[in-house]
Amino acid sequence: MKEKLKFLGIASIVVLAAMGFYLWGLNGSQTGTGLEIVKSAEAAGGEVTDPVGTAPDRYVYYPGTEKLKKDEIRLIACGTGLPAARRDQAATCFLAEVGNGDKFLFDIGTGSMVNVAALMIPYDFLDKVFLTHLHTDHWGDLATLWAGGWTAGRTGPLRLWGPTGATEDMGTAYAVDHFLKTFNWDAKTRNFVLSPKPGEITVKEFDYKAVNAVVYQENGVTIRSIPAIHAGDGPVSFILEYAGLKVVIGGDTFPNKWYIKYAANADLAIHETFLTPSDLVKWYGQSPGQALGVGTQIHTSPQAFGKVMSTIKPRHAVGYHFFNEQGTHDDILRGVLQTYSGPLSLAVDNMVWNISKEKIVERMVVSPDQAWSVAGPNKPPKPPAKGTVPDPITDFIKEGRWEPAEAAQAEMIKEFKEKYKMK
Ligand SMILES: [Zn+2]
Ligand SMILES: [Zn+2]
């Protein structure tokens with residue numbers, strides 16, 4: 001695969017509707033004057049010479065089948081959409097996996113956990129979450145990661161980083177404190193049968209006004225924060241540095257001076273590019289006044305996104321935060337191309353980028369719809385000792401048990417206990 005995808009190549013997307021993923025123009029040799037015939041070895045998939053052999057490249061990523069190189073970053077879009085739910089596209093979530101084994105979730109927007117879970121990564125490896133801001137399309141699935149991970153193998157607390165707000169009640173610590181209060185019933189009923197440890201969330205709140213400040217530094221990974229301009233004080237963008245590589249995860253924002261300065265020369269720069277005002281009217285039912293405000297002041301228009309990218313010149317630009325379909329994609333691409341002509345992805349869910357000094361490769365994830373959680377290396381912590389946690393079920397409810405159900409399952413339980421040598 002060629003190192004740089006020409007934008008005209010990218011524009012030539014072939015939609016494999018039946019297979020449910022996009023195949024990008026990978027050969028990089030298209031000129032825009034029509035398709036040229038390329039040698040089969042150069043074309044997507046590579047040359048297949050043996051009818052019973054393996055193919056050299058299926059231009060897809062099967063999670064868990066590739067070792068990440070020490071000096072490599074793999075970034076997976078687990079959500080690229082909008083607050084309104086859509087089966088095809090969850091709300092914002094990017095998973096960064098770096099060559100030392102560490103993994104970082106940037107935002108955990110509504111619906112995104114189905115894509116995260118389909119990667120079948122042990123929950124112990126998914127314990128670090130960085131929030132750009134507190135709109136639900138950026139943290140609406142925290143509950144799913146929190147409780148789902150708790151029941152499915154996470155052995156320690158979730159670690160969460162997020163910005164302060166202009167006042168205490170607009171900050172991440174306040175939000176998580178009240179999140180845990182909201183899910184009090186969930187936690188108290190699980191605590192009775194599971195260790196409470198994985199149900200804890202440790203919050204590291206950092207100043208949203210801090211510019212290029214280090215918010216995380218461990219094992220050769222540095223994550224910095226820059227302010228963003230979006231809806232209210234508090235939102236930020238993140239810059240991840242590892243092995244001499246720089247990946248910028250832009251949160252919701254109007255184009256801002258901090259992104260221009262600190263995202264410059266990034267290897268991969270993610271920035272929102274919103275639906276065009278016309279499409280907001282046409283598809284989202286917004287009034288023209290509202291569409292113009294949302295599409296050009298609270299968010300970033302395609303033309304402004306292009307200007308940001310042609311200014312900071314990343315090795316590869318990624319636009320997201322719109323429902324990406326035929327009806328919107330072309331309008332956004334046309335807007336971006338007015339101001340930017342470099343390497344570009346207009347993201348959909350399950351797009352994956354492998355980033356190294358040598359090349360940036362974009363593919364699609366192919367993962368199971370019916371994924372199970374997989375065990376990690378750590379032993380699950382013991383549930384609380386009997387009598388140490390109050391029983392959340394009173395006698396009034398217990399006395400309502402219908403006894404014929406016990407009789408009906410007695411034989412099955414007996415066999416099960418024999419099989420597992422239980423008393
Ligand atoms: Zn937002
Ligand atoms: Zn958003």
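Below, the structure is looked at part by part.

Rules and cut-offs
Residues numbered from 1 in each chain as written. Chains lettered and ligands numbered in written order. Predicted model: local features only at pLDDT ≥ 70, side-chain atom pairs only at ≥ 80, totals over all residues. Heavy atoms only, no water. Helix = DSSP H or I, 4+ residues; strand = E, 2+ residues; numbered from the N terminus. Expected span 1.5 Å × (residues − 1). Buried < 20%, exposed > 50% of the residue type's maximum accessible area, 1.4 Å probe, protein only. Arc of directions from axis to C-beta. Donors = N, O, S within 2.8 Å, 3.2 Å for Na, K, Ca; no water. Tetrahedral: all angles 85-135°; square planar, octahedral: opposite > 155°, others 65-115°.

Here's the deal with helix H11 (residues 326-337)
Now for step 1: Helix length check: H11 (12 residues) gives 17 Å between terminal C-alpha atoms against 16 Å at 1.5 Å per residue, within 8%.
Now for step 2: All of the buried residues in H11 are Thr328, His329, Ile332, Leu333, Gly335 and Val336. Across the axial projection of H11, the buried residues extend over an arc of 160°, all falling on one side. Opposite the packed face of H11, turned more than 90 degrees from it, sit the exposed residues Gln326 and Arg334.

A few points about the coordination of the zinc ion (ligand 2)
Now for step 1: Only Asp137 (OD), His138 (NE2), Asp252 (OD) and His321 (NE2) from the protein coordinate the zinc ion (ligand 2), and they sit 2.0 to 2.2 Å from it.
Now for step 2: Geometry at the zinc ion (ligand 2) is irregular, judged from the 4 donor atoms that bind it and their angles of 91 to 159° at the metal.
Now for step 3: Mapped onto the polypeptide sequence, the residues donating to the zinc ion (ligand 2) form the spacing pattern D-H-x113-D-x68-H.
Now for step 4: Taken as an interatomic distance, the gap from the zinc ion (ligand 2) to the zinc ion (ligand 1) is 3.3 Å; Asp252 donates to each of them. Of this pair, Asp137 sits in helix H3 (residues 136-139) while His321 sits in the loop between strand E15 (316-320) and H11; the two residues are 184 residues apart in sequence, bridging distant segments of the chain.
Now for step 5: A residue is classified by how much of its surface remains accessible, and Asp137, at 3% relative accessible area, is buried.
Now for step 6: Note on His321: relative accessible area 1%, which makes it buried.

With respect to the environment of Phe104
Now for step 1: Along the chain, Phe104 falls in strand E6 (residues 103-106).
Now for step 2: What makes Phe104 buried here is its relative accessible area of 0%.
Now for step 3: Counting along the chain gives 21 residues from Phe104 to Phe125, while the straight-line C-alpha distance between them is 8.6 Å.

Examining the coordination of the zinc ion (ligand 1)
Now for step 1: Binding of the zinc ion (ligand 1) to the protein goes through His133 (NE2), His135 (ND1), His230 (NE2) and Asp252 (OD), at separations of 2.1 to 2.4 Å.
Now for step 2: For the zinc ion (ligand 1), the 4 donor atoms in the first shell make angles of 92 to 166° at the metal, a pattern classed as irregular.
Now for step 3: In terms of primary sequence, the donors binding the zinc ion (ligand 1) are separated according to H-x1-H-x94-H-x21-D.

A short note on unusual backbone geometry
Now for step 1: Backbone geometry at Tyr59 places phi at a positive 40°, although glycine is not the residue there.
Now for step 2: With respect to the helices and strands, Tyr59 occurs in the loop between strand E2 (21-23) and strand E3 (60-61).
Now for step 3: Backbone geometry at Ala231 places phi at a positive 65°, although glycine is not the residue there.
Now for step 4: For Ala231, the position within the fold is in the loop between strand E11 (221-227) and strand E12 (236-242).

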